[in-house]
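Spelled out, the chains give:
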Amino acid sequence: ILWTHVVPIDPEAAGLGLEVEVASDAGFAHVVKRAHGLALADDDFTARIRVDGLASATRYHYRFRAIGSKPWLRVKSRAGSFVTAPDPAAAAPVRFVISGDSNLGYTRPRDLDFHVLSAAASESPTPDFFVYFGDTIYSDSGVLPGGDAVTLPEYREIHRLTRADAHLQELLATTGTFTGWDDHEVHNDYAGETVDPARFEAGARAFFEYLPVREQVGHAPWRIDRRVRWGRDVELFFVDGRQFRSQE
């Protein structure tokens, strides 16, 4: 699943058509896949486009292109890259990065950033994937002038502010990412049994808009619990310790 966020020239537009190119080389001389999608205003101009049929254990490069009818809309994004998983029967070495707790309410007042993430991205050999698990935003740590996020636009704004960090951008642009949540995507220490349903819906929807998480067909709308295989010897179990939690 390839993700992007479009900053529209016309904020009143309903959406924008996108094409994603996937290539086997950084110069995009050998494009192996093209896929299309829409960045819709209803999704805050985010887009997740699924690309199938890629080879296993292979590094690919990708970029998005706006496909409007006017020449000035034919613009390209920066390029990203990722590695596909090995064949499930293959034994293969693995290197990965794991982090969470992207708390701008802590880092901003101290003039800090997420430099450790770009440092991880630049390690050699390059990490195979990034596990971005839990508190990918802090919706309740004073980032917004008005206080905690409660509405969908407020949750979206905190996701945008968090993703503006250059070090987080670098890691996300150079690795595949497996993502899950904890409590601060909605509010501190929430429990599914007692959380305000509208507030949970707003936080969950913004999370799915701003991260490349696959929706699970046939389940409740916002499910992050799943398992992922990476070759023969690695299996990742993602649990949801909040949505189904009883009252504290």
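In this text the structure is predicted, and so the values were computed from the model without any measurement.

Participant: Mind laying out the sheet that holds strand β7 (residues 96–99), listing which residues take part and the relevant values?
Facilitator: Spatially, the three strands line up as an open sheet ordered β7-β8-β9, and their pairing is parallel. Either end of the sheet is taken by a strand with one partner, and the two such strands are β7 and β9 (176–180). Across this sheet, the average inter-strand angle for adjacent strands is 15°, counted without regard to direction. Note: strand β8 (residues 129–133) against β9, five bridges, orientation parallel. Following the sheet pairing, Y132 is matched in β9 by T179. Relative to β8, helix α4 (residues 166–174) is tilted by about 130°, and along the sheet it contacts β7, β8 and β9.

Participant: Describe the side chain of E19, naming the residues involved and giving the relevant values.
Facilitator: Here E19 is to be found in strand β2 (residues 15–23). A distance of 3.2 Å separates the side chain of E19 from the side chain of H36, its partner in a polar contact. Discounting chain neighbours no more than four positions away, the residues touching E19 are R34, A35, H36, R63, F64, R65 and I67.

Participant: Provide a residue-level description of a nonpolar patch on the surface, including the pertinent values.
Facilitator: Residues V94, F96 and I98 make up a contiguous nonpolar surface patch of roughly 270 Å² in combined accessible area. With respect to the secondary-structure elements, V94 resides in the loop between β6 (80–83) and β7.

Participant: Provide a residue-level description of the sheet that holds strand β5 (residues 59–66), including the pertinent values.
Facilitator: With antiparallel pairing, the four strands of this open sheet are ordered in space as β3-β2-β5-β6. This sheet does not close on itself; its edge strands, each paired only once, are β3 (31–40) and β6. Neighbour to neighbour, the strand axes of the sheet diverge by 25° on average, direction disregarded. In terms of strand pairing, β2 meets β3 through nine bridges, oriented antiparallel.

Participant: So, the nonpolar core: which residues are in play, and what are the values?
Facilitator: Grouped together as the largest cluster of nonpolar side chains are 32 residues, with contacts concentrated most on F130, Y155, L168, W181, F200, F207 and F208. Looking at this core, the elements with two or more residues in it are α2 (115–121), β8, α3 (152–163), α4 and α5 (197–210). Setting aside chain neighbours within four positions, we find F130 in contact with V97, I98, S99, L168, L171, L172, T175, G176, T177 and F178. Membership of the second largest hydrophobic core comes to 17 residues, among which are L16, L18, V22 and Y60.

Participant: Provide a residue-level description of the environment of D10, including the pertinent values.
Facilitator: If you trace the backbone, D10 turns up in the loop between β1 (2–5) and β2. Taking the C-alpha atoms as reference points, D10 and D140, separated by 130 residues in sequence, lie 31 Å from one another.

Participant: Please set out the pattern of salt bridges residue by residue, giving values where relevant.
Facilitator: Scanning the entire structure with this criterion turns up 18 salt bridges. When the shortest N-O distance is used, the salt bridge between E209 and R156 registers 2.7 Å. Of this pair, E209 sits in helix α5 while R156 sits in helix α3; the two residues are 53 residues apart in sequence, bridging distant segments of the chain. Like R156, E209 is buried. We note a salt bridge from D182 to R242, for which the minimum N-O separation is 3.1 Å. Of this pair, D182 sits in the loop between β9 and α5 while R242 sits in the segment after β11 (234–238), and the two are 60 residues apart along the sequence. Residue D182 is classed as partly exposed on the basis of its relative accessible area of 26%.

Participant: Which residues make up the packing of α3 against α5, and what values go with them?
Facilitator: To characterise two packed helices, one gives the angle between the axes of the helices and the distance between these axes. In the contact formed by α3 and α5, the axes pass within 8 Å of each other and the chain directions differ by 35°. α3 and α5 meet at a crossing whose hand is right-handed. Of α5, the residues touching α3 (which contributes L152, Y155, R156, H159, R160 and R163) are R199, A202, G203, R205, A206, F207, E209 and Y210.

Participant: Give a detailed account of the pairing of β5, specifying residues and quantitative values.
Facilitator: It is a general feature of regular strands that their side chains alternate between the two faces of the sheet. Of all eight residues that make up β5, six are buried, and the element is covered over most of its length. Alignment of β5 against β6, held across four bridges, turns out to be antiparallel. Within the sheet, the bridge partner assigned to R59 lies in β6 and is V83.

What counts, and where the lines are drawn
- Residues numbered from 1 in each chain as written.
- Predicted model: local features only at pLDDT ≥ 70, side-chain atom pairs only at ≥ 80, totals over all residues.
- Heavy atoms only, no water.
- Pairing = 2+ DSSP bridges.
- Helix = DSSP H or I, 4+ residues; strand = E, 2+ residues; numbered from the N terminus.
- Axes fitted to C-alpha atoms, helices over the stretch in contact; angles between N-to-C directions.
- Contact = heavy atoms within 4.5 Å.
- Polar contact = N/O pair within 3.5 Å; in protein donor to acceptor, adjacent residues only side chain to side chain.
- Patch = residues over 30% accessible without salt bridge, like charges linked within 9 Å, V, L, I, M, F, W, Y side chains within 5 Å.
- Areas by Shrake-Rupley, 256 points an atom, 1.4 Å probe, with all protein chains shown as cover.
- Salt bridge = Lys/Arg side-chain N within 4 Å of Asp/Glu carboxyl O.
- Core = buried A, V, L, I, M, F, W, Y, C linked by side-chain atoms within 4.5 Å.
- Buried < 20%, exposed > 50% of the residue type's maximum accessible area, 1.4 Å probe, protein only.
- Left-handed = near helix turned anticlockwise from the far one by under 90°.

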